[in-house]
Amino acid sequence: MKVKVYAPAFLNGDEIDEMGNLTVPAGATLRDVYKKLQVPLLLRPVLICRVNYEKSRLDRKLQEGDVISFLFPISGG
Amino acid sequence: MKGYMGKILFVNLTSGQIEERIIPDRVYEMLLSGVGLGAYVLYNEIPAGTDPLGPENVLGFTSGLLTGTGSLMTGRWMVVCKSPLTGGWGDANCGGTLAPAIKQCGYDGIFFSGIAEKPVYLLINNKGPQLKDASHVWGKDATESEEILRAENTVKKKPAVAVIGTAGEKVSLIAGVCHDGGRIAARSGGGAVMGSKRLKAIVLVGSKPIKCHDPQEVKKISQAYADKIRKQNLPGIVKGSLLPLMGKAMTSIKRVAPLDGMMFALMMRKWGTPMSNGMAVTNGDTPIKNWAGSVKDYNRSYYSKINADYVIKREYRKYHCYSCVVGCGGVCDISDIGQGRFTHTHKPEYETCSVFGGLLMNRDLDSIFYINELLNRAGMDSISAGHAVAFAMECYEKGLLTPEDTGGLKLTWGNAQAVVKLIEMMIAREGLGDILADGVKIAAGKIGSGAEEYAIHAGGQEPGMHDSRFDPQMGVHYSTDPTPGRHTIGAAQYYNMTRLWEKVSWAPAVKIYPKDEEYIATDREALKTVAGACYKQIVDGIGGCLFAQIMGVQHWQAFEWLNAATGWGKTPDEYMLIGKRMQTLRQLFNVKHGIEPKSFKIHPRMAGDPPLKEGPNKGRTVPIDDMMRLHWKHFGWDENTGIPLPETIQHLELDQLVQEVR
Ligand code: SF4
């Protein structure tokens, strides 16, 4: 199944396509996405990540079309 | 029933004649409203060669096509005119409550020509439009004038007021138009045009309904968007002191990713634009020391003093524009600053904090709050004013200005007291302040002796506080937009978050890419800047907010709202063609008025000539000539001159649109 992932540039986004989709097996959890993105263990507690714009635990089971976003800054104004 | 009112009001201030004009549906379908409607009227009304401060210039206030339809973050109004600062197309926009008020008075735009014999203001209420004497508020600052005019004209409903301060009255070319006690449509010198017409204010009290094609569908889209935004709150552990570290991290990665704009809302809700105060210094986005320095100069001991947390520490009330669900604004207590001269000020934006911070090597945040209020009341653009001070400081350092020229002021970097004094002199147009009050280009011409080397501008307008050596696309927009020097048109950062490629067939899609790619002039990069510029026209045609735009088309659904409001059933590609038409008409306005598009190229320093020796942008150069050429080519404009090609004008049907009203 496909989930949409907005990953910051320091993670491994090679498998994310141009529309932002990442293919994961059915029943995959947020932790599986972290593994694919190679999120360093040390960073996991401090990274701000949302699934469908809600706080989520790493064992959250993902559904087709879920949106996974990470907070990373841009400067604007 | 298409979201727009179908009429404009035209006021001749010389004769006092006021007339309503019907605008054909076709104009809206080809140019939307807002800046597009403004371009249509001004292109046709202002004769070539008109003096921007003369009676033939036309000044317009327009609202957006989607304003008041039930869509969200579409409540911005625009000032349009021939700019006295650039000599070409001028526009500026502002939030607040004026945009719906224009429509509730029955119009999509209110336009003024001529010059009044004595100061006047336009009042529109249930008796219709009338010009009224403004002598009693002439000479007063914008905030005080607004309060007086509002009190005088409140019956049941509070009027919405747009007003100039003393800077506009004194025809400072960097004066803007003020609103809501501290908001300002600052750029392009619209306040100077208003002052030259002796038009102090417009005061609007309307109650006409704003009808659209399918209000239920508009509401449905709005509901989905609002639901997402309301969920966005930052955990308390994320402190402002972390932001500069995040900025630093950005520079070490050397890659760029298209991020989720919805997460941007999270930070905007907490801090507003000052969230960038330290972060943009460490990542290289903030120009330092008149664009000649870096974070090595304005180091932690400086930027930590203007941290976002210190800004919001003074915030006692949140503020949001009409129809906004983010609310990036705020009101701050400043009663302990400047011997209590002012009680409060609108939260200073990032632009103001950085132009009076890093650009001047100033770390005194209190002085920035104070200057913010001085400028808001005078109605002077903080971006241009800050650049004028930076220019003067560099001239002082290089010996082109002496203490005799400055009235004894020691214009050394970071001297906050001197900055405050110089701003007061600019507002009063006294001594050196009089020279600087018309922006750096004119000031450099008056000072001479090579001063133009330190006058940082594009086409006469000082640039926003976003470094083109950090984001070269920003430099392309600074140089190619018909209103040069504006940071709100486009940038790689904006493009990547807006995600146009999800809906527009020809907008290049973006995956994680090496930062170095941004520094190479390619057709692909040019298509991105073209797409960004076209979309920005749509946003300015509907009254949209830039911060909504950069949340992305997957969230803030401008195309879908447009179809629901108008019933046009157009595709995103068709809307982008409208954006291209709007931008091309603005460019044609400049051509008509004798502007050579090439002359809008950014100052060499802004393109890394000479390159910086330190900091995140060390050694970065921007091939600006090639980038401008490719941008023009993909717009269908002559790639060597920037003049729209005849076949493009024909393809966009601009020849018909302009001819039929001539
Ligand atoms: S995000 Fe800020 S500027 Fe934009 S509409 Fe909302 S309050 Fe106004």
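Here the structure is shown first, and the text comes after it.
Residues numbered from 1 in each chain as written. Chains lettered and ligands numbered in written order. Predicted model: local features only at pLDDT ≥ 70, side-chain atom pairs only at ≥ 80, totals over all residues. Heavy atoms only, no water.

Novice: Break down the overall build of chain A for me, with residues and values.
Specialist: A count of helical and extended segments in chain A gives one helix and five strands. Listing every helix and strand of chain A by position from the N terminus yields β-β-α-β-β-β. By the compact-globule yardstick of 11 Å for 77 residues, chain A fits well, its C-alpha radius of gyration being 12 Å. For chain A, the spread of C-alpha atoms along the three principal axes comes to 40 × 25 × 20 Å. Counting over 77 residues, chain A shows a buried share of 52%. Here the contacts in chain A between residues at least 6 apart in sequence split such that 54% fall between residues at least 24 apart. Roughly 3600 Å² of accessible area belongs to chain A as shown, and the carbon and sulfur atoms make up 53% of that amount. Computing the positive centroid from 11 side-chain charges and the negative centroid from 9, chain A places the two 8 Å apart. (Helix = DSSP H or I, 4+ residues; strand = E, 2+ residues; numbered from the N terminus. Rg over C-alpha atoms; globule rule 2.2 N^0.38 Å. Buried < 20%, exposed > 50% of the residue type's maximum accessible area, 1.4 Å probe, protein only. Contact = heavy atoms within 4.5 Å. Areas by Shrake-Rupley, 256 points an atom, 1.4 Å probe, with all protein chains shown as cover. Lys, Arg positive; Asp, Glu negative; His and termini not counted. Charge placed at Lys NZ, Arg CZ, Asp CG, Glu CD.)

Novice: Please give an account of the overall build of chain B that cites residues and values.
Specialist: If you tally the helices and strands in chain B, you get 27 helices and 17 strands. Projected onto its principal axes, the C-alpha coordinates of chain B cover approximately 55 × 55 × 50 Å. A buried classification covers 67% of the 662 residues belonging to chain B. Of the contacts made within chain B by residues no fewer than 6 positions apart, 73% connect residues no fewer than 24 positions apart.

Novice: Give me the sheet that holds strand β15 (residues 329–333) of chain B: which residues, what numbers.
Specialist: Residue and element names in this part refer to chain B. One open sheet accounts for three strands, arranged β14-β15-β16; its pairing is antiparallel. With one partner strand each, in any of the chains shown, β14 (315–319) and β16 (344–346) form the two edges of the open sheet. When the angles between neighbouring strand axes are averaged without regard to direction, this sheet yields 20°. Strands β15 and β16 of the sheet are contacted by helix α14 (residues 365–378), whose axis makes an angle of about 75° with β16. (Pairing = 2+ DSSP bridges. Axes fitted to C-alpha atoms, helices over the stretch in contact; angles between N-to-C directions.)

Novice: Residue-level account of the packing of aromatic side chains, with values.
Specialist: Residue and element names in this part refer to chain B. Under the defined criterion, the tally for this structure stands at 15 aromatic pairs over all chains. Three or more aromatic residues joined by ring pairs make a cluster, and in this case those are Phe61, Trp77 and Phe112. Note that lysine 515 overlies the ring of phenylalanine 470, its terminal NZ or CZ placed 4.4 Å from the centroid. One Lys or Arg, arginine 620, reaches over the ring of tyrosine 519 and ends 3.8 Å from the middle of that ring. (Phe/Tyr/Trp six-rings, centres within 6.5 Å; stacked < 30°, edge-to-face > 60°. Lys NZ or Arg CZ within 6 Å of the ring centre and 35° of its normal.)

Novice: How would you sum up the site of the ligand? Please name residues and give values.
Specialist: Residues and elements named next belong to chain B. Close to the ligand lie Met73, Arg76, Arg183, His320, Cys321, Cys324, Gly327, Cys328, Cys545 and Phe547, which account for all nearby residues. Under a 2 Å grid-point criterion requiring more than half of the atoms, the pocket assigned to the ligand is the largest cavity. Broken down by class, the residue content of the shell around the ligand amounts to six nonpolar, two polar and two charged. (Near = heavy atom within 4 Å. 1 Å grid on protein atoms, 1.4 Å probe; cavity = no way out; pocket = protein on both sides within 12 Å on 5 of 7 lines; lining within 4 Å. Sits in = over half its atoms within 2 Å of the grid points. Nonpolar A, V, L, I, M, F, W, Y, C, P; charged D, E, K, R; others polar.)

Novice: Outline the sheet that holds strand β4 (residues 54–55) of chain A, listing residues and values.
Specialist: Residue and element names in this part refer to chain A. If you trace the five strands from one edge of the open sheet to the other, you get β2-β1-β5-β3-β4, paired in mixed fashion. Here the strands that pair on one side only, and so sit at the sheet edges, are β2 (21–23) and β4. Contacting β1 (2–6), β2, β3 (49–51) and β5 (67–70), helix α1 (residues 30–37) crosses the sheet at an angle of about 55° to β5.

Novice: Mind laying out empty space enclosed by the protein, listing which residues take part and the relevant values?
Specialist: In total, this model carries six cavities of 30 Å³ or more according to the counting rule given. Estimates place the volume of the largest cavity at around 860 Å³. Arg76(B), Asn93(B), Arg183(B), Ile184(B) and Glu349(B) are, among the 49 residues lining the largest cavity, the residues nearest its centre. Elements with a minimum of two residues in the lining of the largest cavity: β5 (89–94), β11 (183–185), β15, α13 (350–355), α14, α15 (382–397), α21 (523–542) and α22 (546–549) of chain B. Its residues placed into classes, the lining of the largest cavity shows 20 nonpolar, 19 polar and ten charged. The volume enclosed by the second largest cavity comes to roughly 100 Å³. Contributing to the lining of the second largest cavity are 13 residues, with Val5(A), Ile16(A), Pro258(B), Lys511(B) and Ile512(B) lying nearest its centre. (Points joined across faces, edges and corners; volume = space filled by probe spheres on them.)

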